[in-house]
Amino acid sequence: MSPTRVLVLNSGSSSLKYQLLDMRDRARLATGLVERIGERTSRLRHTPRSGGTVRERTEPIADHAAALKTVAEELAADGLGLDSPELAAIGHRVVHGGKLFTEPTVVDDAVLAEIERLIPVAPLHNPANLTGIRTARALRPDLPQVAVFDTAFHTTMPESAARYAIDVRTADEHRIRRYGFHGTSHAYVSRATARLLGKAPEDVNVIVLHLGNGASASAVRGGRCVDTSMGLTPLEGLVMGTRSGDIDPAVIFHLARVGKMSIDEIDTLLNKRSGLVGLCGDNDMREIRRRVDEGDEAATLAFEIYIHRLKKYIGAYYAVLGTVDAIAFTAGVGENAAPVRAAAVAGLETLGLAVDDALNTVRGDAPRLISPADARVKVAVVPTDEELEIATQTYALVENSN
Ligand code: ADP
C-alpha cells in the first residue's frame with residue numbers, strides 16, 4: 001500500500017510548528033511547536049493523537065536542524081518516526097512564492113534557488129522557510145518535500161488588482177507588485193464556505209476575512225482570487241494586531257525627513273508598534289473588548305478604527321465582485337469575536353448583509369451561518385485549517401505522481 005502520512009512543517013525565524021496527518025481519514029496523529037530556537041530556554045510542546053498526554057521539553061535547541069531532530073525523537077516515541085515507510089511527503093509552508101509559484105511544488109535545487117531569490121521581498125519569512133526545507137531534506141533525502149506558498153492562491157489576481165500605480169519599469173526592476181498572503185487560508189475557507197452553502201466553489205462569490213494577529217481580506221470569484229488586501233508585504237490592508245495596514249506612503253517620507261527616523265525605525269514602527277497595539281497598547285481582541293466594555297476610551301477608538309477599515313474592505317470587495325453569495329469570517333478574531341462580526345456588517349442591510357444576534361453568539365468549532373435565514377448574502381464563520389490544507393495539497397501532488 002502506498003504511504004498516506006504527511007508531515008507539515010511551518011518554520012518561523014525562531015519557531016517550528018508541525019503536524020503529522022494521515023490522509024486516509026485526515027486524522028491528526030501528532031501536533032507540536034518548538035519555540036525560542038537558538039536560545040538557552042528553547043521549548044518543545046508535543047501533543048500526541050487525541051487523548052494523549054502533552055509532553056514538554058525545555059532545553060537549548062541551537063537551530064532548526066536540531067529542532068527537527070528533537071521533533072523526530074518525539075514522533076518516534078509515539079511510534080511515528082520520520083524513518084517510517086508510511087510517510088508520503090513533507091509539506092512546507094513557504095510565505096513568498098512571487099509570481100512564479102502558482103501551485104504547490106516539489107522542491108528541487110532550482111526551486112530552492114528561486115525561494116532564495118525572493119528573500120529581498122520576504123526577508124523575515126523565506127530564510128526560515130528555506131532552513132526548514134533544507135533540514136528536512138537532509139533528514140529524508142529520498143522523500144518528496146513540497147513547498148506550499150502563501151502567495152499562490154492570489155496569483156490569479158488580474159493585473160488591475162495586482163499592480164501598483166507606479167512607474168512600470170521601476171516596479172518590474174524590483175518585482176514590486178501586490179502578491180497577497182494567507183493564501184492557503186483564503187483558499188481553504190472560500191472552498192469550505194461554498195460547501196457550507198451546498199454549492200461548488202465555481203458557483204459562488206465569497207469575501208473572506210482572515211482576522212488573526214495578522215489580518216487580510218480577499219475577494220474570491222468562482223473559486224479564484226480576484227483581489228486581496230495584503231500587497232508586496234503583509235503590511236498593507238486591514239488594521240492588524242501590530243501592523244498599521246493601509247497608510248499614506250507620504251507618512252514615511254514625513255517621519256524620515258521631519259521625524260528624523262531611520263528606515264529601519266519606521267519599518268519597526270509600522271510592523272510592530274502600530275495597529276491595535278499602537279492605538280491602545282493591546283493587540284489581543286479579548287483584552288480590547290474587555291476594556292471597551294469598561295468604557296476605556298483608547299480601546300474603544302482602536303476597536304472603531306479596526307471596524308471602520310474592515311467595513312471599507314467589505315464594501316470595496318462587494319463592488320469588485322458585483323454579486324456576493326457569502327462573507328466568511330475566519331482566524332482567531334474572526335472565529336471568536338462575535339462583536340467584531342456584528343460591528344463589521346452593521347448598517348449594511350441595503351447590501352443584503354445582516355447578522356442574527358443569537359446565531360452570532362453561539363460558539364462552535366464547525367463552519368456555520370450566522371445570518372438570518374432569509375438573508376440575501378450569507379454571513380459565515382468558517383474555522384481555518386492551514387495545516388490540513390497544506391497536507392491536502394502536498395498529498396494530492398505526490399499521490400498523482402506515484
Ligand atoms: P496568528 O495566526 O495571526 O498569530 P490567530 O489566528 O491565532 O493569529 O489569532 C490570534 C488572535 O485572535 C489573538 O491575538 C486575539 O486577538 C484573537 N482571539 C483569540 N481568541 C479570541 C477570543 N476568544 N475572542 C476574541 N479574540 C480572540
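Note that the structure is a prediction, hence the values are computed from the model and not measured.

**Thoughts on the UniProt feature "binding site: Mg(2+)" (unreviewed entry) in the protein**
In this numbering, the UniProt entry assigns the feature "binding site: Mg(2+)" (unreviewed entry) to Asn 10 and Glu 386. Their sequence span is 377 residues, while the largest C-alpha to C-alpha distance among them is just 10.0 Å; these annotated residues converge on one region. Along the polypeptide, Asn 10 turns up in strand S1 (residues 5-11). Ignoring any residue separated from it by four or fewer positions in sequence, one finds Asn 10 in contact with Ser 15, Leu 16, Lys 17 and Arg 93. Tracing the chain through its elements places Glu 386 in helix H15 (residues 386-401).

**Topic: the sheet that holds strand S2 (residues 16-22)**
Adjacent strands of a sheet form backbone hydrogen bonds with each other and so pair up, either parallel or antiparallel. Here we have 8 strands laid out as an open sheet, ordered S5-S4-S3-S2-S1-S6-S8-S7, and mixed in their pairing. At either margin of the open sheet sits one strand with a lone partner, and together these are strand S5 (55-58) and strand S7 (105-106). Pairing of S2 with strand S3 (residues 27-35) involves 7 bridges; the strand directions are antiparallel. Across the sheet, residue Tyr 18 finds its bridge partner in S3, namely Gly 32.

**Quick look at helix H8 (residues 263-272)**
Because an α-helix completes one turn every 3.6 residues, residues spaced three or four positions apart along the sequence face the same direction. Within H8 the residues assigned to the buried category are Ile 266, Leu 269 and Leu 270. Across the axial projection of H8, the buried residues extend over an arc of 85°, all falling on one side. Turned more than 90 degrees away from the buried face of H8, the exposed residues are Asp 264 and Lys 272. In the core, the buried residues of H8 are packed alongside helix H7 (250-257).

What counts and what doesn't
- Residues numbered from 1 in each chain as written.
- Predicted model: local features only at pLDDT ≥ 70, side-chain atom pairs only at ≥ 80, totals over all residues.
- Heavy atoms only, no water.
- UniProt positions renumbered as here; feature names shortened; annotations may be inferred.
- Helix = DSSP H or I, 4+ residues; strand = E, 2+ residues; numbered from the N terminus.
- Contact = heavy atoms within 4.5 Å.
- Pairing = 2+ DSSP bridges.
- Buried < 20%, exposed > 50% of the residue type's maximum accessible area, 1.4 Å probe, protein only.
- Arc of directions from axis to C-beta.

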